[in-house]
Structures are given as structure tokens and as C-alpha cells.
Amino acid sequence: MSQVGGTKAKRKPSSTRRKTARGGGDQSVTAEIMLLLNTLRELAAIRSTAEDAAARILDSAEGLLALADKEEAEKAEEAILSIMTACGFHDLVGQRVTKITETLDCVIASRLTGEKPERTKASGMRGSEIALEGPSHNSAAQDQARIDALFAEKN
Amino acid sequence: MALDPSMPVLVVDDYKTMIRIIHNLLKQLGFVNIDEASDGTAALNMMREKDYGLVISDWNMEPMTGYELLREVRADDRLSRTPFIMVTAESKTDNVIAAKKAGVNNYIVKPFNAATLKSKIDAIFGEPS
């Protein structure tokens, strides 16, 4: 058991190796580490989004099950709509995975060329000159409340 | 502006799942005339062919984003007054403000629920939620 990964454990972390090899690439290494940390954060968010959606789907399905013998059509409809909206996790998971993929592409390109990582496509500008960030790390309810407040303001 | 459930509604999103979800929610709210487009360019072409009473659009699409669609719609004399709701994962304040300045009528952040969609539609058409 202790042999698993034993050889790898003796290797210096890749970031250290790069730093040593370059002898002055601190900025580049820091940028790479930041990208990787953001990638880990995105992965955690994927897990959380999928878990939340699965819980909502299960809650609604259980609600439907409990209503199966009753004639409470309105409640059943509400539960079904909740199941449907929970399935929107597919969109959010897809957007987060795209961000991760583009970040990893960026890291790989940086390692290959030895140049400083550039902004990923997902966080870069689009034709409309608006930088898109994708799903946030706040709760949707918090974001919606903040946006509603912005819309309540006059100009 | 009164809410007429028979008015044509255009749903724009590049994720088929989201189109399906919004389509179903609109049907539950009583809308019967619902069309779909997978990006801004297709939506704009459809809007030039048919008068829509409401557009519900995602932001992050290619080749034309929802924001670009909104700007095209607001710049077009015939389409400029079409109610427009942005339904998107983009919640950065600067982007919300940009959409508001571009003339979006309301803004829904994903993930959302049926009650939020209904309340935003009602708010545009002056219906009590």
C-alpha cells in the first residue's frame, strides 16, 4: 500500500522544478498556481451544483410519490415544475466544465511555450466588449436579490 | 402593456435542456405560442419574420450573444419595444448594469424557479404576482 505513489512522492512539485529551471520565473509560477487554484474551485462548485440539483430532484420525486394516491393535482404540478427547473443544472455544469477545460488548455499552452498564461476564452472579451464570467460562486437567491435591487434603482 | 397568453414568445438559449425547461414553464403559465432559437442570430431573423410579445434570452451564446441580440433589437425601430428578459448565469454587477443600460426589461439569474420567471413576466406586464 505504501508503495502506491511512493516514487511520485519523491519528485519535486512541478512548480518548484519550473522555478528552479528558470531561476526567475516567480511571476509565471504564481500565475500558474492561481489558475490551478481557480480550477480546483470550479471543480468544487461543480460538485456542489450537481449535489444541490440531485437533492432537489429527489425531494420533488419523493413529494410526487407521496401525492400519488391523493388528488392534490396542484401540489403535484408544483413538484413536477421543481423537477424540471432543477434539470437546469445541466447548463450550469456545462458552463463550469467549459471554463475548466479552457483554463487547463491555457496552462498546457503556457507550459509548452514557457510564456505567461493569458486570460482564458471564457473570461475574455466577446464581440460585444463585455467580459463574461459564467456562473458565480454565490447562491442564486443572493445574486437574484442583488440584481433585483439594481433593477429597482432608477438608472 | 397587458399580459396576453396567446402572444408569441421567443425563447433563446444554446442549451436544449434550458429551452425545454423554459418552454414547459411558459406552458404552465398559460402561454401557447412559443418559438425557440439557439442563438442571437437565429432569434433576430425570427423576430424580423414574426412579431413577438416577449423574448426570453440567455446571454452566453455563439455566434451572437444575448446581449448583442438585445442591442440589435433595441436599435431596430420595429423591434425596439419588444419586452426582453435575460435569463443567464452571468451575475457580475457590471454586466447586469450593462444589460440594464442596453434596455433589458428584467434579468433572471440561473438557476431559477417557476415563481421567479412568473414574477419577472408579471412585473413587465404590470400584473400582480
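Thresholds, definitions, all that
- Residues numbered from 1 in each chain as written.
- Chains lettered and ligands numbered in written order.
- Predicted model: local features only at pLDDT ≥ 70, side-chain atom pairs only at ≥ 80, totals over all residues.
- Heavy atoms only, no water.
- Helix = DSSP H or I, 4+ residues; strand = E, 2+ residues; numbered from the N terminus.
- Buried < 20%, exposed > 50% of the residue type's maximum accessible area, 1.4 Å probe, protein only.
- Arc of directions from axis to C-beta.
- Contact = heavy atoms within 4.5 Å.
- Salt bridge = Lys/Arg side-chain N within 4 Å of Asp/Glu carboxyl O.
- Pairing = 2+ DSSP bridges.
- Axes fitted to C-alpha atoms, helices over the stretch in contact; angles between N-to-C directions.
- Patch = residues over 30% accessible without salt bridge, like charges linked within 9 Å, V, L, I, M, F, W, Y side chains within 5 Å.
- Areas by Shrake-Rupley, 256 points an atom, 1.4 Å probe, with all protein chains shown as cover.
- 1 Å grid on protein atoms, 1.4 Å probe; cavity = no way out; pocket = protein on both sides within 12 Å on 5 of 7 lines; lining within 4 Å.
- Points joined across faces, edges and corners; volume = space filled by probe spheres on them.
- Nonpolar A, V, L, I, M, F, W, Y, C, P; charged D, E, K, R; others polar.
- Buried area = accessible area lost by both parts, 1.4 Å probe.
- Polar contact = N/O pair within 3.5 Å; in protein donor to acceptor, adjacent residues only side chain to side chain.
- pLDDT = per-residue confidence, 0-100.

Participant: Just checking my understanding: could you explain unusual backbone geometry for this structure?
Facilitator: Residue and element names in this part refer to chain B. Put simply, E62 and P63 share a cis peptide bond, and its omega is 0°. Mapped onto the elements, P63 comes out in the loop between β3 (54–57) and α3 (66–75). With an omega dihedral of -5°, the bond running from K110 to P111 counts as a cis peptide bond. Note on placement: P111 falls in the loop between β5 (106–109) and α5 (114–125).

Participant: What am I meant to see in helix α4 (residues 93–102) of chain B here?
Facilitator: Count 3.6 residues to each turn of an α-helix, and residues three or four apart come out pointing the same way. Among all positions of α4(B), only B:N95, B:V96, B:A98, B:A99 and B:A102 are buried. Across the axial projection of α4(B), the buried residues extend over an arc of 160°, all falling on one side. Among the exposed residues of α4(B), those oriented more than 90 degrees off its buried face are B:D94 and B:K101. Tucked inside the fold, the buried residues of α4(B) contact α6 (140–152) of chain A together with α3 and β5 of chain B. Of the residues trailing α4(B), B:G103 is marked for its positive phi of about 105°.

Participant: Explain the pattern of salt bridges here, please?
Facilitator: Between side chains of opposite charge, pairing is possible as soon as their charged atoms come close. Evaluated as defined, the whole model comprises 11 salt bridges over all chains. Here A:E42 ties to A:R96 by a salt bridge, and the two come within 3.4 Å at their closest N and O atoms. With A:E42 in helix α3 (residues 26–67) and A:R96 in helix α5 (residues 89–113), this residue pair connects regions lying 54 residues apart in the sequence. Here A:E42 falls in the buried class, since its relative accessible area comes to 8%. A salt bridge links B:K110 to B:D13; the shortest N-O distance between them is 3.0 Å.

Participant: Hey, could you run me through the side chain of B:D58 in this one?
Facilitator: Inspection of the secondary structure assignment puts B:D58 in the loop between β3 and α3. Those residues in contact with B:D58 that sit more than four places away from it in its chain are B:V12, B:D13, B:D14, B:G66, B:M86, B:V87, B:T88 and B:K110.

Participant: Looking at this structure, how should I read the side chain of A:T85?
Facilitator: One can find A:T85 in helix α4 (residues 73–86). Those residues in contact with A:T85, other than ones at most four positions away along the chain, are A:R56, B:I21, B:L25, B:F112, B:N113 and B:A114.

Participant: Can you help me understand the sheet that holds β3(B) in this one?
Facilitator: Backbone-to-backbone hydrogen bonds pair the strands of a sheet. The strands run either parallel or antiparallel. All names here are of chain B. Read from one edge of the open sheet, five strands run β2-β1-β3-β4-β5, paired in parallel fashion. In the strand order of this sheet, the two ends are held by β2 (34–37) and β5, each with one partner. For this sheet, the mean angle separating the axes of adjacent strands, direction not counted, is 20°. Across four bridges, the pairing between strand β4 (residues 84–88) and β5 is parallel.

Participant: Looking at this model, I keep getting lost on a nonpolar patch on the surface. Mind explaining?
Facilitator: Residues and elements named next belong to chain A. On the surface, a nonpolar cluster with roughly 460 Å² of combined accessible area is contributed by I33, M34, L37, L40 and L43. Relative to the helices and strands, M34 is located in helix α3. Judged by relative accessible area, which is 44%, M34 ranks as partly exposed.

Participant: When you look at empty space enclosed by the protein in this model, what are you seeing that I'm missing?
Facilitator: The method is simple in principle: a probe with the dimensions of a water molecule rolls over the atoms, and the space it marks as empty is what remains. According to the stated counting rule, one finds one cavity of 30 Å³ or more in the structure shown. Approximately 40 Å³ is the volume found for the largest cavity. Lining of the largest cavity is provided by A:T85, A:G88, A:L92, B:M18, B:I21, B:K110, B:P111 and B:F112. In terms of residue class, the lining of the largest cavity is built from five nonpolar, two polar and one charged.

Participant: Would you explain the interface of chain A and chain B in this entry?
Facilitator: Frequently, the measure chosen for interface size is the accessible area removed from exposure when the parts meet. Facing 33 residues of chain A, the contacting portion of chain B comprises 38 residues. Across the chain A to chain B interface the summed buried area is about 3200 Å²; carbon plus sulfur atoms make up 59%. Remark: the boundary between chain A and chain B carries two salt bridges. Along the contact surface separating chain A from chain B lie 13 residue pairs in polar contact (both at pLDDT 80 or more).

Participant: How should I be thinking about the confidence of the model for chain B in this particular structure?
Facilitator: Low pLDDT marks stretches whose predicted atomic positions should not be read closely. For chain B, the average pLDDT comes to 94, and 98% of its residues sit at 70 or higher. Here the predicted complex scores 0.77 on pTM and 0.80 on ipTM.

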